[in-house]
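Topology and contacts: notes
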Amino acid sequence: MSVLGNKKSKASSEVPTSSMADIAFLLLIFFLVTTTFPKDKGLAIVLPEPGEEAQVSQKNILHLLIQSSGVVVVKRGESQQEQQMRPQEIEGLWRQEVTSNPNLIAAVKTDPDAPYKFMVDVLDALHSANAERISLQVLEN
Amino acid sequence: MSIKGGGFEKSSKASSEIPSSSMADIAFLLLIFFMVTTVFQRDRDRPIEWAEAESAQKIDEKQKNILNIWMEREGGVYINDQPHTMEQATTVVAPLYAASERALVISVRGDREVPYRYMDQLQTALVNAGVVRVVFATQLEQSMQRERR
C-alpha cells in the first residue's frame, strides 16, 4: 500500500538548456528583421536652376491663387474668369484640365500671409492628381 | 614491427561535435550587442506642428544625403540643429550641397502655420545655393481626418 509514497517524480528540476540557443537566435533574428529606421515622408518638388527662366505660353498655365483665408482662386490662362475652390477640389479639376491640355503647368501662387498648410494642401492635391509640372510662386498684389 | 593500419586508427580524443552548451550564451551576447549598438539617429525635434498631406511619399535617398531645414512659426530657420538667419541659408547650404556631389536632398520641415513669405524666402535661398531636389516634409494624412475638416 505504500507504492504511491515511494514513487519518485521523473520530471527534472533543471531548466532544459539545449533549446536556449534556438530561442536566443530566434529573438535575435526577430529583432533584426523587425527593426525599421523611420523614413521621412514628404512632397517632393524640383526647384529650377538659378537663372533658368522658361517662357511659357499663357494658354498652358493654370493659375492657382491661394488667398490668406485658404480659398483657392482658379484662373485659366488668359481668360479673366475666376473661380473659387477649396484645396480638396483641385485634384478633380486638374485631372479634367490636363486631359484637354497635356502641356498644362500649374502655377501655384500663394499669398505671403497665407499659412504654409494651405500651400501644402494644394500641392498635395496636385500630387494626388499626378501633376508634374508645378511652379511655386508668391502672389503679388 | 609494422603498426596496424599505418598508425591511423588511433582515434582523436577531441569530440567531433560543436559544443552546444555555450551557444545560448553566444546568441544572447549577439542579441544584447545589437540591441545596445542600434542607435536611432534623430535630430532634436523642434516644436513644430507638421503639415499633413495624403500623397506624401518616402524620401528615396540615403539618410546622409538628407539635410533637414526646420522652419518655425515665427520664421526661425534651423539647419543641422543650428539657428541661422534667412540670409545665411544660401551660404550654409551651398558648401554642403557641393560636398555631397549634388546628391543632397533638402527636407523642409515647416510649421503648418508659418506664413508663406518665409517659405518663399527659403526657396529663393535654396535656388541661389543651386539646390534642385527639395521635399516638403509632412505627416501622412488619414482620409478620415480630411473628411472631417
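Residues numbered from 1 in each chain as written. Chains lettered and ligands numbered in written order. Predicted model: local features only at pLDDT ≥ 70, side-chain atom pairs only at ≥ 80, totals over all residues. Heavy atoms only, no water.

Along its length, chain A carries four helices and six strands. Listing the helices and strands of chain A from first to last along the sequence gives α-α-β-β-β-β-α-β-α-β. Taken over the C-alpha trace, chain A has a radius of gyration of 32 Å; the compact-globule value for 141 residues is 14 Å, which it surpasses by more than 25%. Overall size of chain A, expressed as C-alpha extent along the three principal axes, is 110 × 35 × 35 Å. Across the 141 residues that make up chain A, the buried fraction comes to 39%. For chain A, the proportion of contacts with a sequence separation of at least 24, taken over those separated by at least 6, is 61%. In chain A, the 13 positive side-chain charges and the 17 negative ones have mean positions that sit 15 Å from each other. (Helix = DSSP H or I, 4+ residues; strand = E, 2+ residues; numbered from the N terminus. Rg over C-alpha atoms; globule rule 2.2 N^0.38 Å. Buried < 20%, exposed > 50% of the residue type's maximum accessible area, 1.4 Å probe, protein only. Contact = heavy atoms within 4.5 Å. Lys, Arg positive; Asp, Glu negative; His and termini not counted. Charge placed at Lys NZ, Arg CZ, Asp CG, Glu CD.)

Note that Arg133(B) resides in strand S7 (residues 133-137). As a C-alpha pair, Arg133(B) and Gly76(B) span 57 residues in sequence and 22 Å in three-dimensional space. Arg133(B) has contacts with Ile45(A), Asp60(B), Glu61(B), Ala103(B), Leu104(B), Val105(B) and Ile106(B), leaving out every residue within four places of it along the chain.

With that out of the way, let us pick up the packing of aromatic side chains. Residues and elements named next belong to chain B. Inspection of the entire model under this criterion finds four aromatic pairs over all chains. Here the aromatic rings of Phe33 and Phe34 are separated by 5.6 Å at their centres, their planes lie at 65°, and the arrangement is edge-to-face. Classification of Phe34 as partly exposed rests on a relative accessible area of 32%. (Phe/Tyr/Trp six-rings, centres within 6.5 Å; stacked < 30°, edge-to-face > 60°.)

In this section: the confidence of the model for chain A. Looking at chain A as a whole, the pLDDT averages 82, with 91% of positions reaching at least 70. For chain A, helix H1 (residues 3-6) of chain A is the element with the lowest average pLDDT, namely 54, and helix H4 (residues 116-128) of chain A is the one with the highest, namely 89. (pLDDT = per-residue confidence, 0-100.)

For Gln123(B), the location among the structural elements is in helix H3 (residues 116-128). Sequence-distant contacts of Gln123(B), defined by excluding residues within four places in its chain, comprise Leu47(A), Leu136(A), Tyr116(B) and Phe136(B).

Before going further, it helps to examine the layout of surface pockets. Residues and elements named next belong to chain A. Here the largest pocket is characterised by a volume of approximately 1500 Å³. Lining the largest pocket are 44 residues, with Val46, Pro48, Ile134, Ser135 and Leu136 sitting closest to its centre. Within the lining of the largest pocket, the residues separate by chemical class into 20 nonpolar, 14 polar and 10 charged. (1 Å grid on protein atoms, 1.4 Å probe; cavity = no way out; pocket = protein on both sides within 12 Å on 5 of 7 lines; lining within 4 Å. Points joined across faces, edges and corners; volume = space filled by probe spheres on them. Nonpolar A, V, L, I, M, F, W, Y, C, P; charged D, E, K, R; others polar.)

Residues and elements named next belong to chain A. Where strand S5 (residues 105-110) lies against strand S6 (residues 134-138), five bridges are found, and the strand directions are parallel. In the strand pairing of S6, Thr110 is matched with Val138. Crossover S5 to S6 through H4 is right-handed. (Pairing = 2+ DSSP bridges. Right-handed = clockwise from strand over helix to strand, strands pointing away.)

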